Amino acid sequence: MARATRHADARQPAETMTLLALAAALGGLDPAGLRRAVDVARQAGSLRGAWRLQRLLLAQDPTVEAWMGLAGLAAERGHPRAALACHRRAMAVAPRSIRPWNRVFAVLRQQASHTASALAMSCAEDRLGALPDLSMTRLRAAWQSGEGALCDTLLTREVPPRDLPERAEIAVARALARDDIATAEAELSALPGKTDPQRGLRLRAAILGAQGRHDAALHLLQAGPEDSPERLGALAEAQIRARLWPEAYATLAPLRREVRRARGGKRALRHLLALVDDLVADRALIAQARGCDPAGLARLAEAEPQSLMLALMVLDPPHARPDHAAPIPQRIVQYWEGPAPGRDLIGLMDSWRRHHPDWEHRLVTRAMAQTYLRRAGDPVAAQAFARARTPAARAALVRAAVLLHEGGLWAAPDARCQQSLAALTEGASVLVQQDGMGLVEPGLVGCAPGSALARLALRDAVQSVLRDEADADWLSLGKGALTRAAAAAALSESLRALPAHRARAWVALDCPVTQEPAADWLSFDPARYFG
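What comes next concerns the included structure. (Residues numbered from 1 in each chain as written. Predicted model: local features only at pLDDT ≥ 70, side-chain atom pairs only at ≥ 80, totals over all residues. Heavy atoms only, no water.)

**Digging into the packing of aromatic side chains**
Filter applied, for reference: Aromatic rings from Phe, Tyr and Trp, with only the six-membered ring used for Trp, were paired whenever their centres fell within 6.5 Å, and each pair was classed as stacked if the ring planes differed by under 30 degrees, edge-to-face if by over 60, and tilted otherwise. Put simply, DSSP H or I for four residues or longer makes a helix, DSSP E for two residues or longer makes a strand, and each gets a number counted from the N terminus. Only protein chains enter the accessibility calculation, which uses a 1.4 Å probe. A residue is then buried if its area is under 20% of the maximum for its type, exposed if over 50%, and partly exposed in between. In this scheme, the term charge over a ring applies when either NZ of a lysine or CZ of an arginine sits within 6 Å of the ring centre and within 35 degrees of the ring normal.
Counted under the stated rule, the structure contains 4 aromatic pairs. Both rings, one in Trp101 and one in Phe105, keep their centres 6.3 Å apart while their planes meet at 35°; by these two values the pair is tilted. Here the residue Trp101 and the residue Phe105 both occupy positions in helix α7 (residues 99-111), the gap between them amounting to 4 residues, near one helical turn. With a relative accessible area of 1%, Trp101 lands in the buried category. Here Arg88 stacks its cationic end above the ring of Tyr529, 4.0 Å away from the centre of that ring. The ring of Tyr249 has Arg283 lying over it, and the distance from NZ or CZ to the ring centre is 5.6 Å.

**Concerning the nonpolar core**
Threshold: As used here, the term nonpolar core means buried Ala, Val, Leu, Ile, Met, Phe, Trp, Tyr and Cys residues forming a set that is joined through side-chain atoms within 4.5 Å. Whether two residues are in contact is decided by their heavy atoms: any pair within 4.5 Å suffices.
Ile240, Trp245, Leu275, Met309, Leu397 and Leu453 are the most contacted members of the largest nonpolar core, which totals 75 residues. In terms of residue count, helix α25 (residues 391-405) provides more of this core than any other element does, 10 residues in total. The contacts of Ile240, once residues within four sequence positions are left out, are Trp245, Ala248, Leu272, Leu275, Val276, Leu279 and Met437.

**As for the pattern of salt bridges**
Note the cut-off: Salt bridges are counted wherever a side-chain nitrogen of Lys or Arg sits within 4 Å of a carboxyl oxygen of Asp or Glu.
Evaluation of the coordinates by the stated rule reveals 24 salt bridges. Notably, a salt bridge pairs Glu185 with Arg204, separated by 2.5 Å at the nearest N-O pair. Of the two residues, Glu185 is situated in helix α12 (residues 181-189) and Arg204 in helix α13 (residues 197-210); the sequence distance between them amounts to 19 residues. Of the residues examined, Glu185 reaches a relative accessible area of 28% and is grouped as partly exposed. Between Arg241 and Asp316 there is a salt bridge whose closest N-O contact spans 3.3 Å. One end of the pair, Arg241, is in helix α15 (residues 229-241); the other, Asp316, is in the loop between α21 (308-314) and β1 (331-335), and 75 residues separate them in sequence.

**Here we look at the environment of Gln433**
Tracing the backbone through its elements, the reader meets Gln433 in strand β5 (residues 430-434). Taking C-alpha positions, Gln433 is 9.6 Å from Arg504, a pair spaced 71 residues apart along the chain. Setting aside anything within four residues of it in sequence, one finds Gln433 in contact with Leu439, Val440, Glu441, Leu444, Leu498, Ala503, Val507 and Leu509.

**Details of the side chain of Ser351**
Quick reminder of the rule: Polar contact is defined as a pair of N or O atoms within 3.5 Å, subject to the rule that within protein one atom must be able to donate a hydrogen and the other to accept it, and that residues adjacent in sequence are counted only when both atoms are side-chain atoms.
Relative to the assigned elements, Ser351 resides in helix α22 (residues 343-355). Relative accessible area serves as the criterion here: at 0%, Ser351 is assigned to the buried category. One polar contact links the side chain of Ser351 to the main-chain amide nitrogen of Cys417, over a distance of 3.0 Å. Setting aside residues up to four positions removed in sequence, Ser351 forms contacts with Ala415, Arg416 and Cys417.

**Quick look at the packing of helix α16 (residues 245-252) against helix α19 (residues 283-290)**
For clarity, the threshold we go by: Axis angles are defined between N-to-C directions and span 0 to 180 degrees, where every axis is a line fitted to C-alpha atoms and, for a helix, only to the segment in contact. For this classification, under 35 degrees means roughly parallel, over 145 means roughly antiparallel, 65 to 115 means roughly perpendicular, and everything else is oblique. Each residue gets one label: Ala, Val, Leu, Ile, Met, Phe, Trp, Tyr, Cys and Pro are nonpolar, Asp, Glu, Lys and Arg are charged, and the others, such as Gly, are polar.
As a packed pair, α16 and α19 sit with axes 11 Å apart at the nearest point and diverge in direction by 140°. Classed by the angle they form, the pair α16 and α19 counts as oblique. For the pair α16 and α19, the contacting residues are Trp245, Pro246, Glu247 and Tyr249 in the first and Arg283, Ile286 and Arg290 in the second. For the contact of α16 with α19, a count of residues per class yields 4 nonpolar, no polar and 3 charged.

**Side note on the pairing of β5**
Our working definition: Strand pairing is assigned whenever DSSP detects at least two bridges linking the two strands.
Counting buried positions along β5 gives 5 out of 5 residues, so the element sits mostly inside the fold. Neither face of β5 is exposed, since Val430, Val432 and Gln434 on one face and Leu431 and Gln433 on the opposite face are all buried. Of the strand pairs in this sheet, β5 and strand β6 (residues 440-447) are connected by 4 bridges, and their pairing is antiparallel. Looking across to β6, one finds that Gln434 is bridged to Val440. Linking two consecutive strands that pair antiparallel, namely β5 and β6, is a turn of 5 residues; a positive phi of about 100° is found at Gly438 within it. In terms of strand pairing, β5 meets strand β7 (residues 495-498) through 4 bridges, oriented parallel. Directly across from Gln433, in β7, lies its bridge partner Leu498.

**Re the environment of Leu466**
Examined against the element boundaries, Leu466 turns out to sit in helix α27 (residues 452-466). Leu466 sits in the partly exposed class, given a relative accessible area of 27%. Residues Leu466 and Ala384, 82 residues apart in the sequence, show an inter-C-alpha distance of 5.9 Å. Residues within four places of Leu466 in sequence aside, it is in contact with Val380, Gln383, Ala384 and Arg387.

Any link to function would need more than the numbers given here.
Put into structure tokens, the structure is as follows:
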């Protein structure tokens, strides 16, 4: 075994497997030795050899761990159905164990769909009952997938228990979506004293922010016990929400060198740094804006239409509503390019039809969009669409063009509709959803035809692409551009803005999807396979 390990360290799979096979043939490996041999074979890079040794281990020791080890090797070798079969054998060995099921959920998320994984969770609950770990897994999946009604059902059952911090985060968020501050407070108070203090601070700050008490939330976060990137990022976001932009810039200063050194990753922090840099670009303008009344702020915003800082300030107060708002048409528009949508995306798109059965629903493809822009008499936008290098840039152009010419509600394909938005569109010419800092989310935008929001968003998107800026730049194509355009619309149109904590009652953005499942997984039925 020692010689085999040395060959494995040298990445010599042939020599390693020769020695391991000899040891196994001579009967010199007990179950512990075979487990070590499997690890050595994997270390040498021989998955096929590790598979053979794992099968020898199963012959000697047919435990749930051995079957799960074989399932893991099958998945690594690119045989997910064999992995599922091994997990099913593990379930037969240990019918009350949750561990094989957890691996099944992961395989189905990767290979089939999140929908199939959720169905497998239902099968597991039918077989095992409402175990706390299983219920927490199911609640987490329902929350991530935007299934609010299922979340409420699972939370009402109080399984998992109320003292689990992750459960409390979801319960508080669901209560805030209903504007139920009392329930959010009760869920937070149910957490034990040993809970991570950072988590408790974030939840308390979220409750204060939902009440509009941004200064109190900020004070709470400033009293945090450590200067981790997560805490500094949360503090900077709270400072931005409280419109303390220079302070947010100073808060993020310790992270700048770390983010610059990082190759890839830290995307959220990079976006936050870019946002803060944009907000503090003109400090004299900040001082001028803070001394303005609402009318003066509106005049200043009209004079400085490219200022994101002014746009956020314009979107803060209640918006005046004209007596006769141009109606938002009852039309839902979505954009998709690439192969046919998988099971997850189809389910998300169907949620919009289900809650708006009388509305027009239009799915725009890449080919359809190019034709639409040419026929709309907008050759510059058509040229920008042809030059755009990413789906995000093309979606930004399609979104602005369709809303400008026809109006309606734009919904991202990975957004789930929780309930009808008809009441929200009544009496409004523009409907937007804001994130926690007040920026407008690209995943849900609605307006009447000819709205300033769509006109300015289209102009900025076209200019950004034709100037060959980064196509996925969220300041020039996504949240930044839409926030500036929404602020311009708010000066003359009836705008309704959904705050982040309330928006989830209607729409869940960025739901996880399995983009392109293999064809043989499209009809996979967990109920029949595990029933």
